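Coordinate inspection notes
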Amino acid sequence: MIFCDRYKELIDTENGEFKDYICGEIKFNIKRKIAEIMIEFAEPQIYRPSRYDKYEETTTALESALNILSDKLGYSLIPSCMISYRMEEIDYQLGCIFTPHLFSLIELQYNELSEQERTEFEKALNCLFGEKDIPWILHDGRFIKIDAKQFEIDLKAKSLLLMKELKGQEEVFQAPYNEMVAAIEFLEKGSYSEAIANAGKSYESVLKILCDVNRGNADKLTKQILETDICSIPGSMTRDGFREKVLMSLPYVRNNSTASHGSGKEVIEISMEMANLAINMAASLNTYLIESYIKNGINRKED
């Protein structure tokens, strides 16, 4: 599902008036810089229009993405004659595209690229976004909105990266990865209860994987994880203290914010800051557990 589908409730294109309630203001000159990167990574492609003959046509990853998005929208974002004739000069036209559509186009172009080009494309865009204080990162081909503070960007991105790397080796890490991405996306949409709930799910999924169990709540799982060789606790801390004060911190937020239970008669407002805190806690706890697993768990299995 591309960007404009995931956030369709925050994008208004009716009556010819395009309104965006999710991307934020990105100035035209910056969008042209984004377009320059898209043009730089317009990787050549060769395809056969018909399976019944050997006739081949050439195109690019960017042109393919433009065609896919234009078909979806029902109109051409950029005339095809202009694309094929002056590809190096269409940065102006790309810069004029409605920002949610531009983000959708980037995600589609990412899908059209080869594996190596995807990595470099993502890196180049995220570098530009960081320089221009644009609160978005392209991660695994999907745009994720995070606070512009570099510390939080690094924290969330590191947690996602660790789970992404591990899910390539062990498919069980797909679930906590998806739940973490969902938590961030719910935060972007303003669904703060769902954001906290999915942050908690991601954390519990990691605990279940590392404890090698299919069931259990946070209270039980945090006790089990401390019975393994994964967590190394300094002598200055007690296991019970570490569990109650640290490992149970996110479950406390989730359980007492009505994120996982009904609020009853009293309607409780969950703030964006509280939801963001829960996601940051999940990112920190997941990173700690996975790094400990890599260092202590995997290595000891190999020994």
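Just above sits the structure.
Let me sum up the structure you'll find in this document. (Residues numbered from 1 in each chain as written. Predicted model: local features only at pLDDT ≥ 70, side-chain atom pairs only at ≥ 80, totals over all residues. Heavy atoms only, no water.)

The next point concerns the packing of helix α2 (residues 28-40) against helix α7 (residues 115-131). For any two helices packed against each other, one specifies the crossing angle of their axes together with the interaxial distance. Relative to each other, α2 and α7 sit at 165°, their axes nearing to 10 Å. One element, α2, and the other, α7, form an angle in the roughly antiparallel class. Crossing handedness for the pair α2 and α7: right-handed. Listed contacts from α7 to I30, K33, I34, I37 and M38 of α2 are F121, A124, L125, L128 and F129. Tallied by class, residues from the contact of α2 with α7 come to 9 nonpolar, no polar and 1 charged. (Axes fitted to C-alpha atoms, helices over the stretch in contact; angles between N-to-C directions. Helix = DSSP H or I, 4+ residues; strand = E, 2+ residues; numbered from the N terminus. Parallel < 35°, antiparallel > 145°, perpendicular 65-115°, else oblique. Left-handed = near helix turned anticlockwise from the far one by under 90°. Contact = heavy atoms within 4.5 Å. Nonpolar A, V, L, I, M, F, W, Y, C, P; charged D, E, K, R; others polar.)

This brings us to unusual backbone geometry. Even without glycine at this site, D133 takes up a positive phi of about 55°. Topologically, D133 is positioned in the loop between α7 and β5 (136-139). What makes D133 exposed here is its relative accessible area of 58%. Positive phi is not limited to glycine here, since D140 has a value of about 60°. Here D140 lies in the loop between β5 and β6 (142-145). (Buried < 20%, exposed > 50% of the residue type's maximum accessible area, 1.4 Å probe, protein only.)

On the secondary structure map, S70 appears in helix α3 (residues 61-73). Here the side chain of S70 touches L77 through a polar contact of 3.3 Å, landing on its backbone nitrogen. Those residues in contact with S70 that sit more than four places away from it in its chain are Y75, S76 and L77. (Polar contact = N/O pair within 3.5 Å; in protein donor to acceptor, adjacent residues only side chain to side chain.)

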